[in-house]
Amino acid sequence: MEREEKSDEIFEGLEDGSLIGCFFESCTFRRCKFIGRELRNCRFIDCTFENCDFSVATVTGSSFRNATFKDCKAIGVNWSKSAGIHSAKFHQCKLNDSSFTMVDMRGTLFEDCLLEGVDFRETRLEKSKFPNCRMNGAQFNKTNLVDTDFSQANGYFFDPRENRLKNTKVSLPEAMGLLESLGAVLTIHS
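Residues numbered from 1 in each chain as written. Predicted model: local features only at pLDDT ≥ 70, side-chain atom pairs only at ≥ 80, totals over all residues. Heavy atoms only, no water.

Colleague: I'd like a rundown of the overall build of the chain, residues and numbers included.
Modeller: Scanning the chain from terminus to terminus reveals 1 helix and 13 strands. Each helix and strand of the chain, ordered N terminal to C terminal, gives the series β-β-β-β-β-β-β-β-β-β-β-β-β-α. A principal-axis box enclosing the C-alpha atoms of the chain has dimensions of 60 × 25 × 25 Å. Contacts spanning at least 24 positions in sequence make up 1% of the contacts within the chain whose residues lie at least 6 apart. With the model as given, the accessible surface of the chain reaches about 9,500 Å², and the carbon-plus-sulfur share is 43%. When the 25 basic and 28 acidic side-chain charges of the chain are each reduced to a single mean position, those positions are 3 Å apart. (Helix = DSSP H or I, 4+ residues; strand = E, 2+ residues; numbered from the N terminus. Contact = heavy atoms within 4.5 Å. Areas by Shrake-Rupley, 256 points an atom, 1.4 Å probe, with all protein chains shown as cover. Lys, Arg positive; Asp, Glu negative; His and termini not counted. Charge placed at Lys NZ, Arg CZ, Asp CG, Glu CD.)

Colleague: Hey, could you go over the environment of Phe-158 for me, with residue numbers and the actual values?
Modeller: Mapped onto the fold, Phe-158 is located in the loop between strand S13 (109–111) and helix H1 (174–181). A relative accessible area of 1% means that Phe-158 is categorised as buried. As a C-alpha pair, Phe-158 and Ala-138 span 20 residues in sequence and 8.6 Å in three-dimensional space. (Buried < 20%, exposed > 50% of the residue type's maximum accessible area, 1.4 Å probe, protein only.)

Colleague: Residues and numbers for the sheet that holds strand S4 (residues 23–25), please.
Modeller: What the 5 strands build is an open sheet, ordered S1-S4-S7-S9-S11; its pairing is parallel. Two strands close off the open sheet at either side, each with one partner strand: strand S1 (5–7) and strand S11 (84–86). Ignoring strand direction, the axes of neighbouring strands in this sheet form an average angle of 5°. With 3 bridges connecting them, S4 and strand S7 (residues 43–45) associate as parallel partners. In the strand pairing of S7, Glu-25 is matched with Ile-45. (Pairing = 2+ DSSP bridges. Axes fitted to C-alpha atoms, helices over the stretch in contact; angles between N-to-C directions.)

Colleague: I'd like to hear about the side chain of Ser-99, residue by residue, with values.
Modeller: When you line up the elements, Ser-99 lands in the loop between strand S12 (89–91) and S13. Residue class for Ser-99 comes out buried when judged on its relative accessible area of 17%. For Ser-99, the contacting residues outside a window of four places in its chain are Val-77, Asn-78, Trp-79, Ser-80 and Asp-119.

Colleague: So what about the pattern of salt bridges? Which residues, and what values?
Modeller: What the rule picks out here adds up to 10 salt bridges. One salt bridge connects Glu-4 with Lys-6, and the closest N-O pair in it is separated by 3.6 Å. The class of Glu-4 is partly exposed, set by a relative accessible area of 32%. Between Arg-134 and Glu-116 there is a salt bridge, with its nearest N and O atoms 2.6 Å apart. With Arg-134 in the loop between S13 and H1 and Glu-116 in the loop between S13 and H1, the pair connects residues that are 18 residues apart, well separated along the chain. Through salt bridges with shared partners, a single ionic network connects Glu-12, Arg-30, Arg-31 and Glu-50. (Salt bridge = Lys/Arg side-chain N within 4 Å of Asp/Glu carboxyl O.)

Below you can see the structure in the form of structure tokens.
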């Protein structure tokens, strides 16, 4: 599909071809397979993706504004080539081994997601939330984590000296690792 403009439409089971230069507003995509496909220079505004697979897809130049991803898989996607992911919501998604390096993702919600091995270096994550996310091996360096909430996530680690923090919410046991990186030891008295 090339240079199409669609609004308020439902797409089910798309599997063939790439999307190039398309504009979608308030559209719903269900059970679409974009595996290894190209989504180049597309705009998705207020769109919902349900049970879609974006694994190893190319998203060069595409933007996702107020997009909702439910039960989607996007393993190995280099989102850093996108034109932005603004105020998105990811619910029960598997995003392992993807890169969000240098992407502006302020206000993004990741809920009940697998984010193992994800690269968040130099990403803007202000006011983002990660409830019930598993984040083993996620990378943070020069990441803006102001007002970011990790309090219900697990497996994350970031060096407080290498990232921008203010009102960043963390919880145990991950907070112990953060303190250790600063040379502090947490002791709990009964």
